[in-house]
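Here are the chains, one letter per residue:
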Amino acid sequence: SDMLGYAGKVSEVTIGEDKFTFVEDCKHPKSCTLLLQGPNPHTLAQMQDAVKDGLRSVKNAVEDKAVVPGAGAFELAAAMHLRNDIAKKTKGRAKLGVDAFAEALLVVPKTLAENSGFDVQETLLNLQDEREATEMAIGLNCATGEPMLPAEEGIWDAVRVKRQSLYLSTVLANQLLLVDEVMRAGKQMGKVEGDPMDLNQ
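First, a word on what this report is: a plain description of the structure on this page.

What counts as what
- Residues numbered from 1 in each chain as written.
- Predicted model: local features only at pLDDT ≥ 70, side-chain atom pairs only at ≥ 80, totals over all residues.
- Heavy atoms only, no water.
- Helix = DSSP H or I, 4+ residues; strand = E, 2+ residues; numbered from the N terminus.
- Rg over C-alpha atoms; globule rule 2.2 N^0.38 Å.
- Buried < 20%, exposed > 50% of the residue type's maximum accessible area, 1.4 Å probe, protein only.
- Contact = heavy atoms within 4.5 Å.
- Areas by Shrake-Rupley, 256 points an atom, 1.4 Å probe, with all protein chains shown as cover.
- Lys, Arg positive; Asp, Glu negative; His and termini not counted.
- Charge placed at Lys NZ, Arg CZ, Asp CG, Glu CD.
- Expected span 1.5 Å × (residues − 1).
- Disulfide = S-S within 2.5 Å.
- Salt bridge = Lys/Arg side-chain N within 4 Å of Asp/Glu carboxyl O.
- Core = buried A, V, L, I, M, F, W, Y, C linked by side-chain atoms within 4.5 Å.

Secondary structure summary: the protein contains seven helices and six strands in total. For the protein, the succession of helices and strands along the chain, N to C, is β-β-α-β-α-α-α-α-β-β-α-β-α. Its C-alpha atoms give the protein a radius of gyration of 27 Å, clearly above 17 Å, the size a compact globule of 201 residues would have. In terms of principal-axis extent, the alpha carbons of the protein reach across some 90 × 60 × 40 Å. Buried positions account for 17% of the 201 residues belonging to the protein. Contacts in the protein between residues at least 24 apart in sequence constitute 44% of all its contacts with a sequence separation of at least 6. Carbon and sulfur atoms make up 57% of the accessible area of the protein, which totals about 15,300 Å². Measuring between centres, the 22 positive side-chain charges of the protein sit 7 Å from its 30 negative side-chain charges.

Right under this line is the structure:
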């Protein structure tokens, strides 16, 4: 019995046309099974996706050993830091890139405001004012449209998701700019008079 372990209750239950064996009240449980029940396959699929997303979020937080405030707080803070600190120290045309990157980050709080039915410009200004006044991680309350502290409301985002999104957005932007340069160079080559393969020119 020491090798097999201990269970307080073992029972066979029939649900619908299927039989399930329940092993409950284990002393040292190493794993568990979630039984999802719903009225139709579509609802069950949605429940299964929700459970998977939740478990994956917990796994990411445990492995990263950190989380960041959600509700657009990270993007708002990063955008304001880029504009208020980094852009002022940057010289030349690179400053335009910093401003563009900061503006791109604000897409997240803007989208939250728009999807929640609030005026995007007014909501964003309120968030920025609150952030400047408090210097805290300010996010958007999608129910009221007012600034809030996501950490106090238990709204968090996974670190690796934010890190991956920043990395991929930068890589994709660079690739698009590279394609732009190649196409521009191709147009310039097309403007050369005569046949470029004619060696007698």
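Now for unusual backbone geometry. In the Ramachandran plot, D25 falls in the positive-phi region, its phi being about 55° despite a non-glycine side chain. Its identity as a non-glycine residue notwithstanding, K65 has a phi of 60°, on the positive side. Within the fold, K65 resides in the loop between helix 1 (41-64) and strand 3 (67-69).

If you trace the backbone, K162 turns up in helix 7 (residues 159-190). Looking at K162, the relative accessible area reads 13%, which means it is buried. When near neighbours in sequence (up to four residues on either side) are disregarded, K162 contacts V68, F74, E75 and D157.

Compared with an ideal rise of 1.5 Å per residue, which puts 24 residues at 34 Å, helix 1 spans 34 Å between its outermost C-alpha atoms and is within 8% of the ideal. K65 occupies a position one or two residues after helix 1 and carries a positive phi of about 60°.

Another aspect to go through is the state of the cysteines. Two cysteines whose sulfur atoms are joined by a covalent bond form what is called a disulfide. Scanning the entire structure with this criterion turns up zero disulfides. Looking at C26, it has no disulfide partner, and the nearest cysteine sulfur is the one in C32, 10 Å off.

Our focus in this paragraph is the pattern of salt bridges. Summed over the entire model, instances satisfying the criterion amount to eight salt bridges. K162 serves as the salt-bridge partner of E75, at 2.4 Å between the closest nitrogen and oxygen. Here E75 is found in helix 2 (residues 73-89), whereas its partner K162 is found in helix 7, with 87 residues between them in sequence. With a closest N to O distance of 2.6 Å, K110 and E103 form a salt bridge. Under the relative-accessibility criterion, K110 is labelled partly exposed at 26%.

Attention now moves to the nonpolar core. Formed by 16 residues in total, the largest nonpolar core has its most connected members in L76, A79, L82, L105, L106, L127 and I138. Every element with two or more residues in this core is listed here: helix 2, helix 3 (94-105) and helix 5 (120-134). When residues of this core are assigned to their parent elements, the largest contribution, six residues, is made by helix 2. Discounting chain neighbours no more than four positions away, the residues touching I138 are G72, A73, L76, L127, E130, R131, P147, M148, L149 and P150.

Nothing here speaks to function; it is geometry throughout.
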